[in-house]
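Architecture and fold: a report
This is what each chain is made of:
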Amino acid sequence: MSSLTRLAPSLARGYRHTVLGAANTLGLRSFHGTLRARLAADTAPASLAGIRAASLQKTLTTAPKPLLPKEELVFGHSFSDHMLTVNWNAKEGWGKPEIKPYGPLSLDPSCSVFHYAFECFEGLKAYRDQSGNIRLFRPDKNMERMNQSAARLYLPQFDGEEVIECIKELLRTDARWVPEGKGYSLYLRPTLISTENTLGVHRANKAMLYVITSPCGPYFKTGFKAISLYCDESNVRAWPGGVGNRKLGANYAPSVGPQVAAEKKGYQQVLWTIGEDHELMEVGTMNMFVYWRNERGEAELITPPLDDGTILPGVTRDSILELTRAWGEFKVTEGKVTMKQIVKASNEGRLLEVFGAGTACVVTPVKCIHFQGTDYNIPLDPAKPDSQAGPVTDRIYKTLFGIQYGEEPSKWSVTV
């Protein structure tokens, strides 16, 4: 099935008229080819300055904030004493990185970030292990993805290793903000914005990369809590050739309305699908995994593929695929799954576990999917009636959790 055919049902409902117009005028393949060619062009001459951790400057706060008791931490509500900023312009390149007291940014009201959504970001965490060391989990993958997002917006790219070194120094500076205890961490939010202070849609000549941090507690305060999903048939999170595979702020705001609608119906998250076959895409803001016995009778863990630009290449997603393939205990597949297949597997008793995966929660078990008027229940762990997660979901969670906190040796865990 072609990309345009997959998108047609949503377009027929009047969704994304501009995309349809572009596809009809240019031809979808031609449109995508032209876009890829433009993005392949270098965004800055090689002579421009890059980010250098060795030139990092530091100004410490004179008024350190009091730490909240870790039991009172709410995700994204409190922030550490300092932030990292690096400015860029088209004539000189990147300036000197600076660690300075956390505070407001001073931006012109005409900055294109406000008008045309020139913004991308990342999310990762710093963990404190039992020996008191601070650890990061695969920060190179976050930097790689952020550069891909930047390229899609024609914002400046950067040396990921240099930025990681700057982030490490920010963590050393604010080390007291990394809470102790399993499940507690310091969330990091690298962000890249255009600070071009002119109206008009064109490439940015000024930009800023900054990193802020926020202490947070366990995503599940009392252990796993399986969630229910509402399959939204009216809205599409992303479409082939779009920007669903990039971590852009513009991808998130439009999801709030459907999320609120799902909650009003009694469901915790939206299940995003696309096309007349309702191909699975993502769970809220998480990648989706299904563990089942496929129609050939094989035990299989399957997640939607990254081949058409609709799925975000999650760091946790990639880690789960690599981890479970190394186990070699069941088939691991990146492939398309439709709601028709999910319904059939559920009716035949082959649907075993479903979960979402992402930085905030590692994994989130799913207990129910609502589709076309029917709730399809996920068995979780039949051997433990009170369990909130199936055995595969639980094992993945515990293994990744152990790596993040340094309890299991892994190349993925980076000591600061």
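That block above? That's the structure.
A brief look at the structure comes next. Residue indices begin from 1 for each chain and proceed along its sequence in written order. Under the rules for a predicted model, residues below a pLDDT of 70 receive no local features and side-chain atom pairs below 80 are neither given nor counted, while totals for whole chains, interfaces and linings still include all residues. Computation of side-chain values: all heavy atoms of the structure, hydrogens and water removed.

Thoughts on the overall build of the protein
- Of regular secondary structure, the protein possesses ten helices and 19 strands.
- When each of the 416 residues of the protein is scored for burial, the buried share is 52%.
- In what follows, residue pairs with any heavy atoms lying within 4.5 Å of each other are defined as contacts. By sequence separation, contacts in the protein at least 24 residues apart represent 72% of the contacts at least 6 residues apart.
- Here the open area of atoms and residues is found with the Shrake-Rupley method and a 1.4 Å probe, where only the protein chains shown may cover a residue. Here the protein has roughly 19000 Å² of accessible surface; of this, 51% comes from carbon and sulfur atoms. Working definition: helices are DSSP H or I runs of at least four residues, strands are E runs of at least two. Numbering for both runs from the N terminus. Three exposure classes are used, based on accessible area relative to the maximum for each residue type with a 1.4 Å probe and protein chains only: buried under 20%, partly exposed in between, and exposed over 50%.

Description of helix 9 (residues 339-347)
- Residues M339, I342, V343 and A345 constitute the buried set of helix 9. Down the axis of helix 9, the buried set is contained in an arc of 165°. They therefore lie on one face. Seen from the buried face of helix 9, the exposed residues on the opposite side, beyond 90 degrees, are K340 and N347.
- Two residues or fewer after helix 9 comes G349, characterised by a positive phi angle close to 75°. As used here, the arc is the angular range of directions from the helix axis to the C-beta atoms.

What to know about unusual backbone geometry
- Backbone geometry places A117, a non-glycine residue, at a positive phi of 60°.
- Structurally, A117 is set in the loop between helix 4 (112-116) and strand 5 (119-121).
- On the basis of relative accessibility, which here comes to 33%, the residue A117 falls in the partly exposed class.

Description of the side chain of N294
- Among the structural elements, N294 can be located in the loop between strand 13 (286-293) and strand 14 (299-303).
- N294 sits in the buried class, given a relative accessible area of 5%.
- Residues adjacent in sequence count toward polar contacts only when both atoms are side-chain atoms; beyond that, a polar contact is any pair of N or O atoms within 3.5 Å, and within protein one must be able to donate a hydrogen and the other to accept it. One polar contact links N294 to E300, side chain to side chain, over a distance of 3.4 Å.

Things to note about the pairing of strand 9 (residues 206-216)
- Extensive coverage of strand 9 is indicated by the burial of ten of its eleven residues.
- In this description, strands pair whenever DSSP reports at least two bridges between them. Sheet topology places strand 2 (residues 82-89) next to strand 9; six bridges connect them, and they run antiparallel. Among the inter-strand pairings, N87 is bridged to a residue of strand 9, identified as M208.
- Bridge count for strand 8 (residues 185-194) against strand 9 is ten bridges, and the pairing is antiparallel. Counted as the bridge partner of L186 is P215 from strand 9.

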